[in-house]
Protein chains: 2
Amino acid sequence: MMELNNTHNPDLKSWLSSANDKSTDFPIQNLPFAVFREADSAEYFRCGVALGDQIIDLQKLKVTNLVTRKAADALSLCQSDSLHPFMAAGQNNWSALRQALSELFTKGSGHEKLLENCLSPQSKAEFKLPCSIGDYTDFYSSIHHATAVGSLFRPDNPLLPNYKWLPIGYHGRASSIAISGTDFHRPTGQTKKPDAEVPSFGPCQRLDYELEMGIFIGPENNAGSTIAIDSSEQHIFGLCLLNDWSARDMQAWEYQPLGPFLAKSFASTISPWIVTMEALAPFRTRYTRPTDDPSPLPYLSSDKNSAQGSLDIQLAVALQTSQMKDSETEQLSQSSFRHSYWTAAQMVTHHASNGCNLQTGDLLGTGTQSGPEFEEAGSLLELTKGGKQSINLGNGEERRFLNDGDTIIMRGWCETAGRARIGFGEVRATVLPAQIISGAAQ
Amino acid sequence: MMELNNTHNPDLKSWLSSANDKSTDFPIQNLPFAVFREADSAEYFRCGVALGDQIIDLQKLKVTNLVTRKAADALSLCQSDSLHPFMAAGQNNWSALRQALSELFTKGSGHEKLLENCLSPQSKAEFKLPCSIGDYTDFYSSIHHATAVGSLFRPDNPLLPNYKWLPIGYHGRASSIAISGTDFHRPTGQTKKPDAEVPSFGPCQRLDYELEMGIFIGPENNAGSTIAIDSSEQHIFGLCLLNDWSARDMQAWEYQPLGPFLAKSFASTISPWIVTMEALAPFRTRYTRPTDDPSPLPYLSSDKNSAQGSLDIQLAVALQTSQMKDSETEQLSQSSFRHSYWTAAQMVTHHASNGCNLQTGDLLGTGTQSGPEFEEAGSLLELTKGGKQSINLGNGEERRFLNDGDTIIMRGWCETAGRARIGFGEVRATVLPAQIISGAAQ
């Protein structure tokens with residue numbers, strides 16, 4: 001795990017004034033990565049780094065020749081429409097480029113005129129997936145979520161005996177992962193009402209969001225090899241926000257015995273910005289298991305992981321209905337990734353513990369991040385107690401599950417005294433009405 | 001669904017004599033696709049078609065200029081190390097190339113000398129995956145397998161209420177799918193013995209195979225759109241053999257509540273040859289549901305599908321232990337894909353029924369194909385009744401699950417009176433000893 005260095009110095013200021021705004025997600029201490037272009041343009045997509053309200057265009061930056069030595073190699077890996085080569089290249093390259101960017105964009109660097117030409121406004125950008133995502137795995141790392149959901153599906157047996165021993169996970173659908181801003185149609189599917197004799201096919205009636213973090217894999221492990229817990233984070237390029245949309249009525253009918261399938265595979269949405277583990281280093285924390293809980297088995301256990309393996313990332317969900325005005329939203333809940341029962345390192349190590357090859361660009365979802373309090377729940381399923389009680393919105397509307405036209409906005413950020421605020425931006429998407437296709441519906 | 005045409009004519013003979021051998025898997029009526037090169041050479045991989053004991057090299061074939069008109073376009077899609085462009089191009093292209101190959105390699109075509117130069121012996125070939133597999137989904141389409149396994153994991157409740165209403169499936173791991181001949185290490189993982197107080201980590205003790213078919217997706221559907229049952233097969237490029245290796249002790253401990261994860265993600269192995277739906281057309285058959293069973297909902301139902309949606313593909317599993325001599329094997333079981341409760345078309349339509357985008361090169365596993373009789377089971381879990389009774393091999397060895405050094409060989413073929421035999425070749429791989437990596441094991 002990473003020591004703090006000069007790129008973390010909270011006193012660093014950029015010559016770009018918007019990066020010094022106390023409320024920005026993207027101060028010079030952050031420097032997250034994305035793939036972008038000017039919206040509605042015919043430009044090629046290219047790699048960029050967020051700074052204040054701007055994006056550092058890494059293709060234009062290369063042309064300046066201001067980035068030299070080791071960082072020039074790293075920068076040369078960021079010249080296509082995918083972060084894949086850079087993600088594969090590992091921590092030394094990530095750190096080298098971070099260090100170079102930090103120096104160039106710090107006040108007094110002396111190249112402001114040249115560097116200003118490398119900036120594009122975020123307000124005019126559109127984004128795409130940062131890389132091709134080969135495999136998507138979703139974990140279930142919040143014990144509060146697992147307990148709450150378990151009590152709805154299995155009231156007699158909410159938390160299964162394996163939960164405290166291994167990070168429960170399952171394979172997800174990669175093809176339907178989209179970038180923030182990609183709206184999607186309400187899914188159709190088979191459901192069976194409790195009092196119905198037979199199932200029926202139609203639009204999902206219990207559409208939900210799930211507040212998650214995404215973990216992007218950097219360097220790969222070979223098939224047949226495992227990843228030791230203490231080197232696990234070397235395989236993590238960084239984290240993003242993830243909304244794992246869920247069709248609860250379809251899930252309840254289909255999920256036994258092999259797990260969720262079509263209830264999850266119609267859409268998952270990620271934030272454009274990937275925040276590196278180095279940027280998150282000041283927000284490491286300890287997760288303390290209740291004293292009665294078992295210690296993780298040795299392959300999931302290390303002093304470093306238990307002392308510093310958790311990350312205090314604040315996570316919030318807001319709803320914007322079609323009746324609300326332009327920028328009006330209503331916050332539904334807020335929690336922190338620090339409540340996760342399993343760390344990112346433990347998820348990666350467990351995933352590869354059978355010899356499964358993790359590949360560069362693979363995405364691991366953490367599972368819904370619900371906190372210990374009821375109002376910290378990361379899904380409507382929990383907040384409405386399985387749809388039994390509705391949420392009253394400030395504008396007089398109410399919700400049990402999502403309506404057509406609803407937009408869900410998730411945000412993530414880290415704040416602690418004496419440190420620069422590190423943010424993730426947002427992930428948002430709107431639910432469009434179901435498309436009933438002739439032949440598939442009845 | 002496809003009408004029979006002149007490429008299916010059982011009286012067609014090739015000028016290549018090995019293609020006329022009654023026992024060959026690859027007569028001129030088959031013409032399956034793969035990606036190959038000469039073994040241990042520095043050649044590029046390229047697309048090929050099996051004929052008798054040879055491979056038609058589609059790069060060399062293009063250079064002959066013997067393939068003209070519509071088939072020339074199709075052939076031009078087979079000029080890289082991936083079948084992806086050809087798979088994406090759809091039925092008209094597949095049929096055009098099949099028709100051209102059938103004509104050129106039929107006795108009396110008149111170009112034997114030129115075409116002989118396009119042949120490479122299968123005995124000297126090595127294969128790779130036919131395309132990049134974006135997503136892998138595994139179904140559970142044999143009711144006999146589902147009932148047998150269900151009774152081991154849930155004796156009181158073997159077949160769940162949803163089984164007869166929808167094709168149960170779950171997302172699998174794409175990165176660890178390998179081509180036949182790729183050996184793999186016995187996985188390590190967490191297991192908990194029934195009488196143990198706590199779980200432990202170590203090599204899998206109950207390693208099993210699963211006899212499946214793989215379905216390769218051709219043309220894609222867009223995200224948010226569905227696939228009507230009557231056009232479903234237009235999205236299927238063809239079928240292969242699939243061994244979905246399974247760690248039963250890891251599966252039993254991890255699979256609740258979200259389904260199999262590391263018990264399946266260490267290795268899956270497919271045969272190199274993809275047999276097209278057109279080649280399989282003479283072996284279509286009806287699956288008759290028991291009269292008490294519900295009819296499928298309209299979106300999964302059509303007259304065409306029920307009359308012709310099943311395929312009578314014989315499937316067999318053989319074991320070769322390290323104590324057996326070179327070509328000695330022992331057959332463990334044999335069944336047919338015609339016993340599948342759900343058809344390939346139903347699996348595809350159900351998969352896309354929520355708007356999930358299926359992509360070219362995606363692989364759907366059918367799930368283990370067990371027949372109605374006990375000895376037709378497609379896994380050791382079933383044949384040994386959950387490891388309770390061992391199988392006695394002819395050479396005096398016995399097995400409950402697989403030992404290190406065991407090779408599993410699966411074969412598939414279609415035979416019916418008055419038709420040429422259509423075969424899949426084989427899929428094989430050997431279990432290597434577990435690699436205990438320091439730090440991951442205890």
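Residues numbered from 1 in each chain as written. Chains lettered and ligands numbered in written order. Predicted model: local features only at pLDDT ≥ 70, side-chain atom pairs only at ≥ 80, totals over all residues. Heavy atoms only, no water.

Caption draft 1: Quick peek at the overall build of chain A. Of regular secondary structure, chain A possesses 11 helices and 26 strands. Relative to a compact globule of 442 residues, whose C-alpha radius of gyration would be 22 Å, chain A shows 22 Å and is just as compact. Its C-alpha atoms give chain A principal-axis dimensions of roughly 75 × 50 × 40 Å. The buried share among the 442 residues of chain A stands at 62%. For chain A, the share of sequence-separated contacts (at least 6 apart) that also reach a separation of at least 24 residues comes to 73%. (Helix = DSSP H or I, 4+ residues; strand = E, 2+ residues; numbered from the N terminus. Rg over C-alpha atoms; globule rule 2.2 N^0.38 Å. Buried < 20%, exposed > 50% of the residue type's maximum accessible area, 1.4 Å probe, protein only. Contact = heavy atoms within 4.5 Å.)

Caption draft 2: Spatial organisation of the sheet that holds strand S2 (residues 46-51) of chain A. Residues and elements named next belong to chain A. Overall, antiparallel pairing links the five strands, which are arranged S4-S3-S2-S1-S5 in an open sheet. The outermost strands of the open sheet, each flanked by one partner alone, are strand S4 (119-121) and strand S5 (125-128). Here the average twist between neighbouring strands, direction ignored, is 50 degrees. In the sheet, strand S1 (residues 33-38) pairs with S2 via four bridges, with the strands oriented antiparallel. By the bridge assignment for S2, Phe33 is matched with Val49. (Pairing = 2+ DSSP bridges. Axes fitted to C-alpha atoms, helices over the stretch in contact; angles between N-to-C directions.)

Caption draft 3: Fine view of the layout of surface pockets. All names here are of chain B. There is about 1,100 Å³ of room inside the largest pocket. Lining the largest pocket are 37 residues; nearest its centre among them are Phe153, Lys192, Asp249, Ala252 and Trp253. Elements that contribute at least two residues to the lining of the largest pocket include exactly helix H6 (143-153), strand S10 (188-191), strand S11 (200-203) and helix H7 (248-254). Of the residues that constitute the lining of the largest pocket, the class distribution is 17 nonpolar, 10 polar and 10 charged. (1 Å grid on protein atoms, 1.4 Å probe; cavity = no way out; pocket = protein on both sides within 12 Å on 5 of 7 lines; lining within 4 Å. Points joined across faces, edges and corners; volume = space filled by probe spheres on them. Nonpolar A, V, L, I, M, F, W, Y, C, P; charged D, E, K, R; others polar.)

Caption draft 4: Broad picture of the relation of the copies chain B and chain A. Rotating chain B by 180 degrees and translating it 0.0 Å along the rotation axis places it on chain A, where the RMSD comes to 0.0 Å. Taken together, the turn and the small shift mark the pair as related by a two-fold rotation axis. Among all residues of chain B, the one whose C-alpha sits closest to the rotation axis is B:Gly259, at a distance of 2.2 Å. Both copies present the same face, since 100% of the interface residues in chain B are matched by interface residues at the equivalent positions in chain A. (Least-squares fit on C-alpha atoms with pLDDT ≥ 70 in both.)

Caption draft 5: Representation of unusual backbone geometry in the model. Residues A:Gln256 and A:Pro257 are joined by a peptide bond in cis, for which omega reads 5 degrees. Even without glycine at this site, B:Asn65 takes up a positive phi of about 60 degrees. Residue placement: B:Asn65 occurs in the loop between helix H1 (58-64) and helix H2 (69-76).

Caption draft 6: Region of interest: the environment of A:Asp292. All names here are of chain A. Secondary-structure assignment places Asp292 in the loop between strand S18 (284-285) and helix H9 (303-308). Judged by relative accessible area, Asp292 falls into the exposed class, the value being 74%. Taking the C-alpha atoms as reference, Asp292 lies 44 Å from Leu12; in sequence the two are 280 residues apart.

Caption draft 7: The sheet that holds strand S20 (residues 314-320) of chain B, seen in detail. Strand order in the open sheet formed by five strands is S9-S26-S25-S20-S21 (chain B), and the pairing between neighbours is mixed. On the outer flanks of this sheet lie strand S9 (184-185) and strand S21 (330-336) of chain B, each paired with one strand and no other.

Caption draft 8: Summary view of the packing of helix H2 (residues 69-76) of chain A against helix H4 (residues 91-105) of chain A. All names here are of chain A. Put simply, H2 and H4 touch, their axes get as near as 8 Å, and they point 110 degrees apart. Considered as vectors, H2 and H4 are oriented roughly perpendicular to each other. On H4, the residues that touch Lys70, Ala71, Asp73, Ala74 and Leu75 of H2 are Asn92, Asn93, Ala96, Leu97 and Ala100. Considering only residue class, the contact of H2 with H4 consists of six nonpolar, two polar and two charged. (Parallel < 35°, antiparallel > 145°, perpendicular 65-115°, else oblique.)

Caption draft 9: The arrangement of the pattern of salt bridges in detail. Overall, the coordinates contain 43 salt bridges over all chains when judged by the stated rule. Among the ionic pairs, A:Asp25 bridges to A:Arg421, the shortest N-O distance being 2.3 Å. Here A:Asp25 is found in the segment before S1, whereas its partner A:Arg421 is found in the loop between strand S25 (407-414) and strand S26 (422-432), with 396 residues between them in sequence. Classification of A:Asp25 as buried rests on a relative accessible area of 5%. Of the charged contacts, one joins B:Asp406 and B:Arg399 as a salt bridge, the two residues approaching to 2.7 Å between their closest N and O atoms. Among the ionic contacts, a cluster of salt bridges with common partners joins A:Asp25, A:Arg411, A:Glu415, A:Arg421, A:Glu426 and A:Arg428. (Salt bridge = Lys/Arg side-chain N within 4 Å of Asp/Glu carboxyl O.)

Caption draft 10: Region of the structure containing H2(B). Residues and elements named next belong to chain B. Along H2, the positions that sit buried rather than exposed are Ala71, Ala74 and Leu75. Across the axial projection of H2, the buried residues extend over an arc of 100 degrees, all falling on one side. In H2, the exposed positions angled more than 90 degrees off the buried face are occupied by Arg69 and Lys70. The inward-facing, buried residues of H2 abut H1, helix H3 (84-89) and helix H4 (91-105). (Arc of directions from axis to C-beta.)

Caption draft 11: Geometry of the side chain of A:Arg98. All names here are of chain A. Along the chain, the position of Arg98 falls in helix H4. Only 2.9 Å separates the side chain of Arg98 from the side chain of Thr7, close enough to count as a polar contact. Leaving out residues up to four positions away in the same chain, Arg98 has contacts with Thr7, His8, Gln29, Asn30, Leu31, Thr276, Glu278 and Ala279. (Polar contact = N/O pair within 3.5 Å; in protein donor to acceptor, adjacent residues only side chain to side chain.)

Caption draft 12: Layout of the nonpolar core. With 147 residues, the main nonpolar core has A:Leu239 and B:Leu239 as its most contacted residues. Apart from residues no more than four positions distant in its own chain, B:Leu239 is found in contact with B:Met213, B:Gly214, B:Ile215, B:Trp273, B:Ile274, B:Val275, B:Met277, B:Leu280, B:Leu311, B:Ile313, B:Phe337 and B:Phe424. (Core = buried A, V, L, I, M, F, W, Y, C linked by side-chain atoms within 4.5 Å.)

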